[in-house]
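Summary of the model geometry
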Amino acid sequence: MASTDNEHLVRSDDSQHPANVICELCRKFYTLGWVTGTGGGTSIRHENHIFIAPSGVQKELMKPTDMFVLDFSTREYIRKPPTLKPSACMPLFLAAFTRRGAGCCIHTHSQWAVLVTLLVERDIGQAAPFEIELLEQIKGIPKGPKRQGNLGYFDRLQIPIIENVAHEEDLTESLEEAMEIYPDTYAVLVRRHGIYVWGDNVHKAKTQCESLDYIFQLAVEMKKLNLPWTSDGKSGLTDG
Ligand SMILES: CSC[C@@H](O)[C@@H](O)C(=O)COP(=O)(O)O
Ligand SMILES: [Zn+2]
């Protein structure tokens with residue numbers, strides 16, 4: 001039987017090796033409240049290898065040797081740390097790699113993301129996406145995978161929202177559906193849960209995730225001050 005230990009796939013002195021980068025990112029994300037209490041995570045695609053964390057572990061304390069490695073073409077694990085299971089987010093990360101050609105996908109349980117999903121549901125409607133405009137930070141988000149450049153200051157940012165389910169992996173179908181309906185999106189919010197954000201590479205996924213989290217925090221604060229999220233005031237205003 002072929003060994004799946006393959007520790008050399010995750011052990012490297014190179015700080016940019018995906019196994020090292022995932023651990024470093026999760027340590028940073030923990031300080032932002034994005035991967036608290038084992039929730040959330042990050043996965044990186046490097047050539048034909050997908051690097052992914054174990055399930056149910058404290059994501060900020062992981063070591064590179066805790067990482068699983070999946071062969072992207074065969075969908076088989078070629079490195080499996082003993083006694084651990086791969087993250088339940090795996091099929092959702094895979095959707096970003098296969099359907100969007102992403103190089104990195106980040107899942108956070110950010111409270112700002114969760115609050116925004118609740119505000120949209122209460123004030124706009126269950127089927128509505130999150131929409132906001134006229135914020136400088138919107139320029140941190142690309143226009144779309146088939147479009148050149150980033151959104152402009154006068155563009156409207158739209159992030160779809162899907163409903164949460166009992167098991168993370170069962171979100172895959174609705175995440176894929178949201179990707180179809182919103183072909184330009186680089187993120188999908190999950191109601192009462194968090195967000196999936198992907199990018200062409202680690203740098204882009206991280207900066208897009210940061211830009212979105214900044215926008216969500218601002219949106220929550222704007223709501224408290226009864227400031228509209230869009231210039232036509234159709235989104236974000238409470239009744240009356
Ligand atoms: C606080 S448990 C959260 C999990 O159920 C899930 O939402 C999650 O984001 C992480 O799943 P995991 O399988 O531990 O990587
Ligand atoms: Zn989650």
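Everything below is about the structure printed above this text.
In this report, we go over the structure that sits alongside the text. (Residues numbered from 1 in each chain as written. Chains lettered and ligands numbered in written order. Predicted model: local features only at pLDDT ≥ 70, side-chain atom pairs only at ≥ 80, totals over all residues. Heavy atoms only, no water.)

Some points on the sheet that holds strand β5 (residues 104-108)
Pairing is mixed in the open sheet, where 8 strands are placed in the order β4-β3-β2-β1-β5-β10-β9-β8. The open sheet terminates on both sides in strands that have one partner only, identified here as β4 (76-79) and β8 (161-162). Pairing geometry for β8 and strand β9 (residues 187-190), over 2 bridges, is parallel. Bridge pairing in β9 links isoleucine 162 to valine 190. (Pairing = 2+ DSSP bridges. Helix = DSSP H or I, 4+ residues; strand = E, 2+ residues; numbered from the N terminus.)

Let's talk about the environment of isoleucine 161
Tracing the backbone shows isoleucine 161 in strand β8. Taking relative accessible area as the criterion, isoleucine 161 reaches 12% and is therefore assigned buried. Each C-alpha atom, one on isoleucine 161 and one on valine 188, is 5.9 Å from the other, the two residues being 27 residues apart in sequence. Other than its neighbours up to four places away in sequence, isoleucine 161 contacts Thr117, Val120, Ala128, Pro129, Phe130, Leu189 and Arg191. (Buried < 20%, exposed > 50% of the residue type's maximum accessible area, 1.4 Å probe, protein only. Contact = heavy atoms within 4.5 Å.)

Overview of the coordination of the zinc ion (ligand 2)
Six octahedral donors around a metal ideally sit at 90 or 180 degrees from one another, while four tetrahedral donors ideally sit at 109.5 degrees. Only His107 (NE2), His109 (NE2), Glu168 (OE) and His193 (NE2) from the protein coordinate the zinc ion (ligand 2), and they sit 2.1 to 2.6 Å from it. Each of the 6 donor atoms bound to the zinc ion (ligand 2) contributes to angles spanning 54 to 168°, and the resulting shape is irregular. Site description for the zinc ion (ligand 2): donor spacing in sequence, H-x1-H-x58-E-x24-H. Pair noted here: histidine 107 is in strand β5 and glutamate 168 is in the loop between β8 and α4 (172-181), with a separation of 61 residues, a long-range link. (Donors = N, O, S within 2.8 Å, 3.2 Å for Na, K, Ca; no water. Tetrahedral: all angles 85-135°; square planar, octahedral: opposite > 155°, others 65-115°.)

Considering the site of ligand 1
In the region of ligand 1, 14 residues are neighbours, and Ser55, Gly56, Ser87, Ala88 and Glu168 sit closest. Lysine 59 is positioned such that a nitrogen or oxygen atom in its side chain is 2.9 Å from an oxygen atom of ligand 1. Contact with the protein chains hides 73% of the accessible area of ligand 1, taken as 410 Å² for the molecule alone. The class makeup of the residues in the shell around ligand 1 is 2 nonpolar, 10 polar and 2 charged. (Near = heavy atom within 4 Å. Polar contact = N/O pair within 3.5 Å; in protein donor to acceptor, adjacent residues only side chain to side chain. Areas by Shrake-Rupley, 256 points an atom, 1.4 Å probe, with all protein chains shown as cover. Nonpolar A, V, L, I, M, F, W, Y, C, P; charged D, E, K, R; others polar.)

Looking at the packing of aromatic side chains
Per the counting criterion, the structure on display carries 6 aromatic pairs. Here the aromatic rings of phenylalanine 130 and tryptophan 229 are separated by 5.0 Å at their centres, their planes lie at 65°, and the arrangement is edge-to-face. Of the two residues, phenylalanine 130 is situated in strand β6 (residues 130-133) and tryptophan 229 in the segment after α5 (202-224); the sequence distance between them amounts to 99 residues. Of the residues examined, phenylalanine 130 reaches a relative accessible area of 0% and is grouped as buried. Their ring planes at 75° and their centres at 4.9 Å tell us that tyrosine 153 and phenylalanine 154 sit as a pair that is edge-to-face. Using a relative accessible area of 34% as the deciding quantity, one classes tyrosine 153 as partly exposed. Judged by relative accessible area, which is 67%, phenylalanine 154 ranks as exposed. (Phe/Tyr/Trp six-rings, centres within 6.5 Å; stacked < 30°, edge-to-face > 60°.)

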